[in-house]
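# Descriptive structure summary
Here are the chains, one letter per residue:
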Amino acid sequence: MGTTKYSEYLQINPTFESVVDIAADSRNKNLWREYIVGEDMEKLVDDLCQTLSYETPDSRRSLWIHGSYGTGKSYAAIFVKHLLEDKRDVVDAYLQSSQKLSKYRNRFMNCRKNGDYFVIWKTGCTGIRTGDQLLVEAEFAIREALKAKFGDSADYGSASLQDGVKAQLRNKNINWQNILDTTTLGEDYDSFEALTAAVDNGDLNATKDVAEVIRANHWGLINNVETFKKWIEDIVTANHLDKSGIFFIWDEFTDYLRYSDDRVVLQQLSEFCKVQPLFMCFIVHKD
């Protein structure tokens, strides 16, 4: 009696991804089309239609995707990413042919009628423990995405948090050389000039380090919520995103909830979509 092998009955798609993350999306631009739509995605698309179109006074909200490891959260967010930023005729054709999502086609395409959404994808939040650090990280992600999407025509606004850090470094009332000499900041930067150069060159760690010193010494939180909101308003207007908006997907956000007690900024950031079209989508492993 011969031995039968599984390969005689089963074949694996050559584009199969054992772990779906944003890197997998880069490798296979059609990966999102292979997503198997279930009830959870139907609800998510319905929520998107409500919030992006402001269907009711209280429906304009940021989103929260939660579930245990391996349940497809990142894959679902990648699917949403394509619905928001791919060409409208492509999305329209997909929704029209989808057995489970065709009923949302008109509502969703109404959200897309004024243009593509500016989608930002950020993975992980290691080391982020305060709301101030959260805003610094968000700003850098937005700035990088603006550069990637718009290139030389990107407008970074006039109320940049990064510019705020640079301004404080040039504040003559602060003896930064003394801070380097008396704190752990001096372990990474051997001179004020080296620190300034790192921040000017867009070094995220350097900017975060300086922001932390400013916060710890109560010199004024240059990376506060109100400054961030003003900057977002500038970004939206300058880059002509007022008719569509910014959709910020933050994957693997669980560590912030696990290790930080600072939830005020998180809440304010999430609610800001009621004022400006900045929609946050946090992907976490807890409800």
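The present account deals with the structure reproduced in this document.

## Describing the overall build of the protein chain
- Across its full length, the protein chain holds 14 helices and four strands.
- Across its three principal directions, the C-alpha atoms of the protein chain cover 80 × 55 × 40 Å.
- The buried share among the 287 residues of the protein chain stands at 48%.
- Across the protein chain, every contact between residues at least 6 apart in sequence was considered, and the portion connecting residues at least 24 apart equals 74%.
- A total of about 15,400 Å² of accessible surface is found on the protein chain, and carbon and sulfur atoms cover 47% of it.
- For the protein chain, the centre of its 34 positive side-chain charges and the centre of its 44 negative side-chain charges are spaced 5 Å apart.

## With respect to helix 2 (residues 39–53)
- Between its first and last C-alpha, helix 2 extends 21 Å over 15 residues, near the 21 Å set by a 1.5 Å rise per residue.
- All buried positions along helix 2 are accounted for by Met41, Glu42, Leu44, Val45, Leu48, Cys49, Thr51 and Leu52.
- On its buried face, helix 2 sits against strand 1 (63–66), helix 3 (73–85), helix 5 (105–111), strand 3 (246–251) and strand 4 (278–284).

## A short note on the pairing of strand 2 (residues 118–123)
- Burial of strand 2 is extensive: five of the six residues sit out of reach of the surface.
- Inspection of the sheet shows strand 2 paired to strand 3 by six bridges, in the parallel sense. In the sheet register, Val119 faces strand 3, and the bridge partner there is Phe247.

## Points about the nonpolar core
- Core analysis: the largest hydrophobic core is formed by 39 residues, its most contacted members being Met41, Phe79, Leu83, Phe108 and Phe247.
- With eight residues, helix 3 is the largest single contributor of residues to this core.
- With residues up to four places along the chain from it excluded, the contact list for Phe108 reads Leu48, Cys49, Leu83, Leu84, Val91 and Leu95.
- Core analysis: the next-biggest nonpolar cluster, separate from the first, contains 34 residues, Leu134, Leu146, Leu161 and Ile232 among them.

## Topic: the side chain of Glu139
- Here Glu139 lies in helix 6 (residues 131–150).
- The class for Glu139 is buried, based on a relative accessible area of 1%.
- In this structure Glu139 touches Ser160, Leu161, Gln162, Phe228 and Trp231, once residues within four positions along its chain are discounted.

## What about the pattern of salt bridges?
- This structure, assessed with the given rule, holds 17 salt bridges.
- The shortest N-O distance in the salt bridge between Arg61 and Asp58 comes to 2.4 Å.
- On the basis of relative accessible area, Arg61 is assigned to the partly exposed category, the value being 47%.
- A salt bridge links Asp58 to Lys274; the nearest nitrogen and oxygen atoms lie 3.6 Å apart. With Asp58 in the loop between helix 2 and strand 1 and Lys274 in the loop between helix 14 (264–271) and strand 4, the pair connects residues that are 216 residues apart, well separated along the chain.

## Details of the packing of aromatic side chains
- All chains considered together, the criterion is met by 12 aromatic pairs.
- For the ring pair Trp32 and Phe79, a centre distance of 5.9 Å and an interplane angle of 50 degrees mean the geometry is tilted. With Trp32 in the loop between helix 1 (22–27) and helix 2 and Phe79 in helix 3, the pair connects residues that are 47 residues apart, well separated along the chain.
- The class of Trp32 is buried, set by a relative accessible area of 1%.
- The class of Phe79 is buried, set by a relative accessible area of 0%.
- In textbook terms, an aromatic cluster arises when at least three aromatic residues are bridged by ring pairs, as seen for Trp64, Phe248, Trp250, Phe253, Tyr256 and Phe282.
- We note Arg143 situated over the ring of Tyr156; from NZ or CZ to the ring centre the distance is 5.0 Å.
- Against the face of Phe150 rests Lys149, its NZ or CZ located 5.7 Å from the ring centre.

So, how was this worked out
- Residues numbered from 1 in each chain as written.
- Predicted model: local features only at pLDDT ≥ 70, side-chain atom pairs only at ≥ 80, totals over all residues.
- Heavy atoms only, no water.
- Helix = DSSP H or I, 4+ residues; strand = E, 2+ residues; numbered from the N terminus.
- Buried < 20%, exposed > 50% of the residue type's maximum accessible area, 1.4 Å probe, protein only.
- Contact = heavy atoms within 4.5 Å.
- Areas by Shrake-Rupley, 256 points an atom, 1.4 Å probe, with all protein chains shown as cover.
- Lys, Arg positive; Asp, Glu negative; His and termini not counted.
- Charge placed at Lys NZ, Arg CZ, Asp CG, Glu CD.
- Expected span 1.5 Å × (residues − 1).
- Pairing = 2+ DSSP bridges.
- Core = buried A, V, L, I, M, F, W, Y, C linked by side-chain atoms within 4.5 Å.
- Salt bridge = Lys/Arg side-chain N within 4 Å of Asp/Glu carboxyl O.
- Phe/Tyr/Trp six-rings, centres within 6.5 Å; stacked < 30°, edge-to-face > 60°.
- Lys NZ or Arg CZ within 6 Å of the ring centre and 35° of its normal.

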